[in-house]
Amino acid sequence: MRQTWRWFGPHDLASIDDVVQAGAQGIVTALHHVPNGVVWTPEEIAKRQQEISVRKDGSPSGIAWDVIESLPVSEDIKKQKGPWREHIANYKQSMRNVAAAGLEVICYNFMPVLDWTRTDLRWPLPNGGSCMRFDINDFAVFDIHVLERRGAQADYSNAVVDEAARRHAAMDDNTKKALAKTITTALPGSTETMSLDRVREHLAEYGSISPEQLRRHFVDFLEEVIPVAEEVGLRFCCHPDDPPFSLLGLPRVMSTEADYVQILDAVKSPANGMTLCSGSLGARPDNDLPGMMRRLGDRVHFLHLRNVKRDSDEMVGSFFEAEHLDGNTDMVALIAAIVEEEARRKAAGRKDHQIPMRPDHGQDILDDLNRRSQPGYPTIGRLKGLAELRGVMRALEHGQFGVARA
Ligand code: DNO
């Protein structure tokens, strides 16, 4: 595996110097300041590459931009409304520009309106640290009582509806506002904090789009961009829905293994691949991560290694972001499946036999608690995650003792 680190650009609290000290071999980033739908110009791409290539003292960092996360797909493309054809043309131009700059991997997602969603960004842990959490009861408070979405109650179990009513009655206005902000806020990957009215407008526009239709739009998009990816040598990889179930009645079509099989089969090209995010997919008890890696591994172009602990085995339920080796996904079994896939690729002579991985998210610990990093992206918590994962990787890749023996 190639060990990478998500970096949000010069304003990131972790500097390139920090990333080098963390031992990462490459950077995952995006031109977050460019609005969705607009072309990434060669100048802006080169500027970001330059920023990555040097340390504070001007000496070479020795690391480069390995993976794009994300080249965002605009809402218009997802809905096939407004200037969506122009957005697809711009998207293809951005692809050509990043390929010309030497980049090969593009991560993106096809989630309508909300990217990843949590109800608590700093949930206190017994050890004094904090992590992110999704609580289905709090989400229902937002949906049913704050947003007041029509028909929302029908999307939850009776127990959740009752608990949400109880919690809502006990909340003061500031708590309600804070909850709404957490859910609609600009998390990395999205570009704006949405007002409640804006959320309602979005929902109204998606009102008539069924999951089947969204999937058709997705395939239409892939049929446009995958030939370009093949031509210029890019590997595309779709990030799963996070959490992997419908929210606010919106269609979500990348939540399960069956969802991935449909999309990978619809456009059968090695360039049409998957970002295996164990944290997102792991929030559903029916997603078997090591099995997915074994079955879909030849199309996995990027790995987000992260763990969650679910409160229950409900399909639509609450969870928190656990330590990387803890939680419901058997991380050792998953890494073993990745190491086996890499060995298979190597034997087959594939150039991409080393799959980029990043320690996804981290708990806030030690000095992270005094710094306000992007939610989910504290330096020390991620460093700890990377170090733990690296230990497992090193052991399993060990020629004499690991699974890579063969
Ligand atoms: C969260 C991330 C997501 C991801 C996008 C990919 O930490 O994993 O925001 O970057 O969904 O398009």
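Scroll up for the structure.
These figures come from a predicted structure and were not determined experimentally.

Cut-off values and rules
Residues numbered from 1 in each chain as written. Predicted model: local features only at pLDDT ≥ 70, side-chain atom pairs only at ≥ 80, totals over all residues. Heavy atoms only, no water. Buried < 20%, exposed > 50% of the residue type's maximum accessible area, 1.4 Å probe, protein only. Helix = DSSP H or I, 4+ residues; strand = E, 2+ residues; numbered from the N terminus. Pairing = 2+ DSSP bridges. Right-handed = clockwise from strand over helix to strand, strands pointing away. Near = heavy atom within 4 Å. Polar contact = N/O pair within 3.5 Å; in protein donor to acceptor, adjacent residues only side chain to side chain. Areas by Shrake-Rupley, 256 points an atom, 1.4 Å probe, with all protein chains shown as cover. Axes fitted to C-alpha atoms, helices over the stretch in contact; angles between N-to-C directions. Salt bridge = Lys/Arg side-chain N within 4 Å of Asp/Glu carboxyl O. Phe/Tyr/Trp six-rings, centres within 6.5 Å; stacked < 30°, edge-to-face > 60°. Contact = heavy atoms within 4.5 Å.

Caption draft 1: Broad picture of the pairing of strand β3 (residues 64-69). The element β3 is extensively covered by neighbouring structure, given that 5 of its 6 residues are classed as buried. Here strand β2 (residues 26-29) pairs with β3 via 4 bridges, running parallel. Its bridge partner lying in β3, T29 is registered against I68. Chirality of the crossover, the property in question, places the unit of β2, helix α2 (residues 42-53) and β3 among those that are right-handed.

Caption draft 2: Structural view of the site of the ligand. Surveying the vicinity of the ligand reveals 15 residues, the closest of which are E69, S70, N109, H361 and Y377. In the environment of the ligand, an oxygen atom lies 3.0 Å from a nitrogen or oxygen atom belonging to the side chain of D115. Between the ligand and H239, the relevant distance is 3.2 Å, taken from an oxygen atom to a side-chain nitrogen or oxygen of the residue. Protein chains shield 100% of the accessible area of the ligand, which is 330 Å² for the free molecule. In terms of residue count, strand β4 (residues 105-109) provides more of the shell around the ligand than any other element does, 3 residues in total.

Caption draft 3: The arrangement of the sheet that holds strand β6 (residues 130-134) in detail. Spatially, 4 strands are ordered β5-β6-β11-β10 in an open sheet, and the strand pairing comes out antiparallel. Edge positions in the open sheet fall to β5 (120-124) and β10 (307-310), since each of these has one partner strand only. In this sheet, neighbouring strand axes are inclined to one another by 40° on average, regardless of whether the strands run parallel or antiparallel. The pairing of β6 with strand β11 (residues 319-322) spans 2 bridges and is antiparallel. In the sheet register, R133 faces β11, and the bridge partner there is F320.

Caption draft 4: Region of the structure containing the pattern of salt bridges. For the coordinates displayed, the defined rule picks out 42 salt bridges. Between K78 and E75 there is a salt bridge, and its shortest N-O distance comes to 3.2 Å. You can see K78 and its partner E75 sitting in helix α3 (residues 75-79), 3 residues apart, about one turn around the helix. Among the residues examined, E75 registers a relative accessible area of 18% and is labelled buried. For D173, the salt bridge goes to K176, with nearest N and O atoms at 3.8 Å. Of this pair, D173 and K176 both sit in helix α7 (residues 173-184), 3 residues apart, roughly one helical turn. For D173, a relative accessible area of 53% translates into the label exposed. The exposure class assigned to K176 is buried, which follows from its relative accessible area of 19%.

Caption draft 5: A look at the packing of aromatic side chains. Summed over all chains, the structure comprises 15 aromatic pairs. Ring centres of F8 and Y377 lie 5.0 Å apart, and the angle between their planes is 85°; this geometry places the pair in the edge-to-face category. Of this pair, F8 sits in the loop between β1 (2-6) and α1 (16-22) while Y377 sits in the loop between β12 (356-359) and α14 (379-397), placing them 369 residues apart in sequence. Arranged with centres 5.7 Å apart and planes meeting at 20°, the rings of F134 and F319 form a pair that is stacked. One end of the pair, F134, is in strand β6; the other, F319, is in strand β11, and 185 residues separate them in sequence.

Caption draft 6: Main features of the environment of I144. In this fold, I144 is placed in helix α5 (residues 136-146). Residue classification places I144 among the buried positions, given a relative accessible area of 11%. Linking I144 and G58, residues 86 residues apart in sequence, is a C-alpha distance of 53 Å. Contacts of I144, omitting those with residues within four sequence positions, involve R149, A152, Q153, Y156 and V161.

Caption draft 7: Quick peek at the sheet that holds strand β9 (residues 300-305). Read around the closed barrel, the 8 strands follow the order β1-β2-β3-β4-β7-β8-β9-β12; overall the barrel is parallel. Ignoring which end each strand starts from, the neighbouring axes of this sheet average 30° apart. Two elements, β1 and β12, share 2 bridges in a ladder whose sense is parallel. The partner of R2 across the bridge, within β12, is P356. In this fold helix α9 (residues 211-232) packs onto β4, β7 (235-239) and β8 (272-277), with an angle of close to 150° to the strand it touches most, β7. Where helix α10 (residues 257-266) meets the sheet, its contacts fall on β7 and β8, and the angle it forms with β8 comes to roughly 160°.

Caption draft 8: Molecular detail of unusual backbone geometry. Looking along the chain, the bond that leaves E69 and enters S70 is cis, with omega of -5°. In this structure, the amide linkage connecting D242 to the following residue, P243, adopts the cis form with an omega of 0°. With phi around 60°, V113 is a residue other than glycine that occupies positive phi space. Along the polypeptide, V113 turns up in the loop between β4 and β5. A relative accessible area of 11% means that V113 is categorised as buried. Positive phi, close to 45°, is recorded for L366, a residue that is not glycine. Take L366: it is sitting in the loop between β12 and α14.

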